[in-house]
Amino acid sequence: MKTPFWSMRIVMLAMLGSIGMTMIILACALPTYKVWWPFFVVLFYLICPIPTLIAKRNSGDDEESRITNSMFATIGIVISSFALPIVLARALVIHWGACYLTLAGNVIAYITIVGYFFGYESGESW
């Protein structure tokens, strides 16, 4: 029996999300680091899709400005999630190894979020 393609996408997204969160938790919990400041990037993961979802739900005449403003806000949130561990590492609040693990977790987590939007929200115009 052939496995449906959508179920394989769900499994792949779940696996990528788990790997990304594991890297974030390792950046916090390894005995060398023992600091939980990098875990604050999870807040950025939660608020990242909100501007796009709000812009997609609102209907109006000025669709171009809604798209532009939501993408600007989303990009600002994504850049902030990459900047936070770098700023914390430069301020010597966290170790550079924790910063690298957090950045790698960010890349994987955002690949997962983009994969979800392209895989399941593709019925929308943008």
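Structure: above.
A quick note: this is a predicted structure, and the numbers were derived from the prediction, not measured.

Caption draft 1: Region of interest: the environment of Tyr110. With respect to the helices and strands, the residue Tyr110 is situated in helix 5 (residues 96–120). Once the C-alpha coordinates of Tyr110 and Gly20 are considered, the two residues, 90 residues apart in sequence, prove to be 8.8 Å apart. Of note is the side chain of Tyr110, whose polar atom sits 2.9 Å from the side chain of Ser81.

Caption draft 2: A look at a nonpolar patch on the surface. Residues Trp37, Phe40, Leu43, Leu46, Ile47, Ile50, Ile54 and Val93 make up a contiguous nonpolar surface patch of roughly 740 Å² in combined accessible area. In terms of residue count, helix 2 (residues 41–47) provides more of the nonpolar patch than any other element does, three residues in total. Inspection of the secondary structure assignment puts Leu43 in helix 2.

Caption draft 3: How the structure looks around helix 3 (residues 50–57). Every buried residue belonging to helix 3 is among Pro51, Thr52, Ala55 and Lys56, and all of these are buried. Burial along helix 3 is one-sided: seen end-on, the buried residues are contained in an arc of 130°. Buried positions along helix 3 lie against helix 2, helix 4 (63–90) and helix 5.

Caption draft 4: Up close: the layout of surface pockets. Roughly 180 Å³ of volume is contained in the second largest pocket. When contributions to the lining of the second largest pocket are tallied by element, the ones reaching two or more residues are helix 1 (5–29), helix 2 and helix 5. At five residues, the largest contribution of residues to the lining of the second largest pocket is made by helix 5. A class-by-class count of the residues in the lining of the second largest pocket yields eight nonpolar, three polar and no charged.

Parameters at a glance
- Residues numbered from 1 in each chain as written.
- Predicted model: local features only at pLDDT ≥ 70, side-chain atom pairs only at ≥ 80, totals over all residues.
- Heavy atoms only, no water.
- Helix = DSSP H or I, 4+ residues; strand = E, 2+ residues; numbered from the N terminus.
- Polar contact = N/O pair within 3.5 Å; in protein donor to acceptor, adjacent residues only side chain to side chain.
- Patch = residues over 30% accessible without salt bridge, like charges linked within 9 Å, V, L, I, M, F, W, Y side chains within 5 Å.
- Areas by Shrake-Rupley, 256 points an atom, 1.4 Å probe, with all protein chains shown as cover.
- Salt bridge = Lys/Arg side-chain N within 4 Å of Asp/Glu carboxyl O.
- Buried < 20%, exposed > 50% of the residue type's maximum accessible area, 1.4 Å probe, protein only.
- Arc of directions from axis to C-beta.
- Contact = heavy atoms within 4.5 Å.
- 1 Å grid on protein atoms, 1.4 Å probe; cavity = no way out; pocket = protein on both sides within 12 Å on 5 of 7 lines; lining within 4 Å.
- Points joined across faces, edges and corners; volume = space filled by probe spheres on them.
- Nonpolar A, V, L, I, M, F, W, Y, C, P; charged D, E, K, R; others polar.

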